[in-house]
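# Coordinate analysis (summary)
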Amino acid sequence: MSKLRQKSDFNIDAAVHLLRDQYYASSVHCSYYSCFQLLKHTIKNFSGIDYDAQAKIISSSGQKTHQYVINHITGEINSCVGFEESRRFKRTINELKVFRLESDYEDVEVNLDKSEKALLIAKEIRQYIITNFNV
């Protein structure tokens, strides 16, 4: 198993434990990164673009890492399933990303509801990716 895939699995488990222990902001962070790491792993295994090649593409494209990863997977979904499904995926992952940005950088309370919603979204994204990309 890839180290990044293993980190992804660890992060979703950590999100559950952190939520249970009322570390809501940290739980949101782990929920998001469990998805992000799984998406990078998916690009490597489904698209055949290894991590070094991903880094080179990101560097030469001027995109930010997270945006490249999200756009790449959205493009794969669009090609394989269709536009509506890719749009739904992008909207969902971006919603989780906003939660993570608020959780990590904003002077706002991250409560139980937001943490639970982030975890639910992360689990849905992970299940979708694992099922549809066979990773």
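See the structure printed just above.
The rules we used
- Every chain is numbered on its own, with residues counted from 1 as its sequence reads.
- Totals for whole chains, interfaces and linings use every residue, but because this is a predicted model, local features are given only for residues with pLDDT of at least 70 and side-chain atom pairs only at 80 or more, for both listing and counting.
- Each side-chain value is derived from all of the structure's non-hydrogen atoms; neither hydrogens nor water enter the calculation.
- Put simply, DSSP marks the helices as runs of H or I at least four residues long and the strands as runs of E at least two long, and each gets a number from the N terminus on.
- To estimate how far a helix should reach, multiply one less than its number of residues by 1.5 Å.
- Each residue is assigned to one of three classes by its accessible area relative to the maximum for its type, calculated with a 1.4 Å probe on protein chains only: buried under 20%, partly exposed between the two thresholds, exposed over 50%.
- Note on contacts: a residue pair qualifies if any of its non-hydrogen atoms lie within 4.5 Å across the two residues.
- Polar contacts, as counted here, are pairs of nitrogen or oxygen atoms within 3.5 Å of one another; within protein the pair requires one atom able to donate a hydrogen and one able to accept it, and residues that are adjacent in sequence qualify only if both atoms are side-chain atoms.
- Think of a nonpolar core as a cluster: buried Ala, Val, Leu, Ile, Met, Phe, Trp, Tyr and Cys residues, connected wherever their side-chain atoms sit within 4.5 Å.
- Between rings of Phe, Tyr and Trp, where Trp is taken as its six-membered ring, a pair exists when centres lie within 6.5 Å; planes separated by under 30 degrees are stacked, by over 60 edge-to-face, and by other angles tilted.
- A ring is considered to have a charge above it if a Lys NZ or an Arg CZ atom is located within 6 Å of its centre and within 35 degrees of its normal.

Further remarks concern helix H4 (residues 65–80). Here H4 spans 23 Å end to end across 16 residues, near enough to the 22 Å set by a 1.5 Å rise per residue. What H4 keeps buried is the set His66, Tyr68, Val69, Ile70, His72, Ile73, Thr74, Glu76 and Ile77. In this fold, the buried residues of H4 make contact with helix H2 (24–47), helix H3 (51–61), helix H5 (83–105) and helix H6 (112–133). One or two positions beyond H4, positive phi appears at Gly82, with a value near 140 degrees.

Take the environment of Ser60 next. Tracing the chain through its elements places Ser60 in helix H3. By relative accessible area, which is 65% here, Ser60 ends up exposed. Between the C-alpha atom of Ser60 and that of Glu106, which follows or precedes it by 46 residues, the distance is 30 Å. Of note is the side chain of Ser60, whose polar atom sits 3.2 Å from the backbone oxygen of Ile57.

The next thing to look at is the nonpolar core. Core analysis: the biggest nonpolar cluster contains 34 residues, and Leu39, Ile73, Phe89, Ile93, Leu96, Ile125 and Ile129 have the highest contact counts within it. Setting aside anything within four residues of it in sequence, one finds Phe89 in contact with Leu39, Ile73, Thr74, Ile77, Ile125, Tyr128 and Ile129.

Here we come to the packing of aromatic side chains. All told, the structure shown has 5 aromatic pairs when counted by the stated rule. With 5.2 Å between their ring centres and 85 degrees between their planes, Tyr32 and Tyr33 make a pair best called edge-to-face. Judged by relative accessible area, which is 17%, Tyr33 ranks as buried. Grouped by ring-pair contacts, the aromatic residues Tyr32, Tyr33 and Phe36 constitute a single cluster. For the cation-ring pair, Arg88 lies above Tyr128, with the distance from its terminal atom to the ring centre recorded as 5.5 Å.

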